Amino acid sequence: MFKGLTLGLVFLTVLVISSVATADPLSYDEAISGDLAGDLAGLPASPGLIFGSGVNTVSGSFFERADGLNELFDFDSFRFTIPDGLALTAITYAFSTTGTGTVAAAGYFLDYAPYDGLNPRATAFIDLFGTSPVSPFGSQNLISGTYDIFNSILGRSSDGGWAANYTWSLTVDTAPVPEPASLSLLALGLAGLGVRRWRQHKA
């Protein structure tokens, strides 16, 4: 009985490990795949980007221009899904900015989708004239699910505007699974409960 339960749990673990999504990492570029959403109203109800194992990248460009021009600003937000069996372990943000002003800044929120502005998982305010790349949200370990990175703030100085190219790099790894030794202990515990219940029933 003990042996049967142990082997069964180990077999189940092997099945879980083999069923983890192993899709290639995604690479999304606004210039090729289309403009990213300017706000959450433009985000699709279903997941927009589905990440695979490895370093997924989202690239694009945005700007804030001086008053008097036809198009003054461009926000870039996106929604992504981490499949079952995977976890997001790192987020970095690289950028290159040109401009005539002294201030160029962007604010972002990271949260479960749909983002509601109430209790984001993390926030970032990035100096786009500063050092690149940065880890805007610090250390992250996001389990499988759907998330929003929402760009809701742009800043500039009164003496000019700016334009920036950027690349998000989001590292996705296989989520940890129980070790075989832990599974064996679990199997023994379940077997013990089974024996106890069998003895109580027999009595």
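In case you missed it, the structure is sitting above this.
Residues numbered from 1 in each chain as written. Predicted model: local features only at pLDDT ≥ 70, side-chain atom pairs only at ≥ 80, totals over all residues. Heavy atoms only, no water.

*Asks:* When you look at the overall build of the protein chain in this model, what are you seeing that I'm missing?
*Replies:* In terms of helices and strands, the protein chain carries 3 helices and 10 strands. Listed N to C, the secondary structure of the protein chain is α-β-α-β-β-β-β-β-β-β-β-β-α in terms of helices and strands. Contacts in the protein chain between residues at least 24 apart in sequence constitute 82% of all its contacts with a sequence separation of at least 6. On the protein chain, roughly 11300 Å² of surface is accessible, and the fraction owed to carbon and sulfur atoms is 59%. (Helix = DSSP H or I, 4+ residues; strand = E, 2+ residues; numbered from the N terminus. Contact = heavy atoms within 4.5 Å. Areas by Shrake-Rupley, 256 points an atom, 1.4 Å probe, with all protein chains shown as cover.)

*Asks:* Before we go on, may I ask you to explain the sheet that holds strand 2 (residues 49-50) in this structure?
*Replies:* Backbone-to-backbone hydrogen bonds join strands into a sheet, with any given pair of strands oriented parallel or antiparallel. Within the open sheet, the 5 strands sit side by side as 2-5-9-7-8. Their pairing is mixed. Bordering the open sheet on either side are strand 2 and strand 8 (122-127), each of which pairs with just one other strand. Bridge count between strand 7 (residues 104-112) and strand 8: 6 bridges; the pairing is antiparallel. When the sheet's bridge partners are listed, Gly107 is paired in strand 8 with Phe125. (Pairing = 2+ DSSP bridges.)

*Asks:* Help me understand the pairing of strand 10 (residues 162-174) in this model?
*Replies:* As a general feature of sheets, a regular strand has side chains that alternate between the two faces. The sheet contact formed by strand 3 (residues 54-64) and strand 10 spans 11 bridges and is antiparallel. Across the sheet, Ser59 pairs through a bridge with Thr167, a residue of strand 10. Sheet topology places strand 6 (residues 86-99) next to strand 10; 13 bridges connect them, and they run antiparallel. Residue pairing for strand 10: Thr97 is matched across the bridge by Ala164.

*Asks:* Before we go on, may I ask you to explain the nonpolar core in this structure?
*Replies:* Judged by nonpolar contacts, the single largest core of 33 residues is most densely connected at Phe62, Phe80, Leu128 and Trp168. Mapped by element, the contributors of at least two residues to this core are strand 3, strand 5 (78-82), strand 6, strand 7, strand 8, strand 9 (145-156) and strand 10. Considering every element that reaches this core, the biggest residue donor is strand 10, with 6 residues. Among residues more than four places away in sequence, those in contact with Phe80 are Leu49, Phe51, Leu88, Leu110, Leu142, Gly145, Thr146, Tyr147, Ile149 and Leu170. (Core = buried A, V, L, I, M, F, W, Y, C linked by side-chain atoms within 4.5 Å. Buried < 20%, exposed > 50% of the residue type's maximum accessible area, 1.4 Å probe, protein only.)

*Asks:* What is the right way to look at the environment of Phe73 in this model?
*Replies:* Of note, Phe73 is situated in strand 4 (residues 73-74). Between the alpha carbons of Phe73 and Ala163 there is a distance of 9.3 Å; along the sequence they are 90 residues apart. Apart from the residues within four sequence positions on either side, Phe73 is in contact with Phe63, Glu64 and Leu154.

*Asks:* How do you make sense of the environment of Gly107 when you look at a structure like this?
*Replies:* By the element assignment, Gly107 lies in strand 7. Separated by 48 residues in sequence, Gly107 and Gly155 have C-alpha atoms that sit 8.4 Å apart. Not counting residues up to four positions away in its chain, the partners in contact with Gly107 are Ala124, Phe125, Phe150, Asn151, Ser152 and Ile153.

*Asks:* Is there a simple way to think about the packing of aromatic side chains in this case?
*Replies:* Think of a pair of aromatic rings as described by two things: how far the centres are apart, and how the planes are tilted against each other in angle. Tallying each qualifying case throughout the model produces 16 aromatic pairs. When the centroid spacing of 5.3 Å and the interplanar angle of 70° are considered together, the rings of Phe62 and Tyr166 count as edge-to-face. With Phe62 in strand 3 and Tyr166 in strand 10, the pair connects residues that are 104 residues apart, well separated along the chain. A residue is classified by how much of its surface remains accessible, and Phe62, at 1% relative accessible area, is buried. Residue placement shows Arg65 over the ring face of Phe63; its charged tip is 3.9 Å from the ring centre. (Phe/Tyr/Trp six-rings, centres within 6.5 Å; stacked < 30°, edge-to-face > 60°. Lys NZ or Arg CZ within 6 Å of the ring centre and 35° of its normal.)

*Asks:* Help me understand unusual backbone geometry in this model?
*Replies:* Of all residues except glycine, most have a negative phi; of all peptide bonds, most are trans. Residue Ala113 is joined to Pro114 through a cis peptide bond whose omega torsion reads -5°. Mapping Pro114 onto the fold places it in the loop between strand 7 and strand 8. For the bond from Ser132 to Pro133, the omega torsion is 0°, close enough to zero to count as cis. Considering the arrangement of structural elements, one finds Pro133 in the loop between strand 8 and strand 9.

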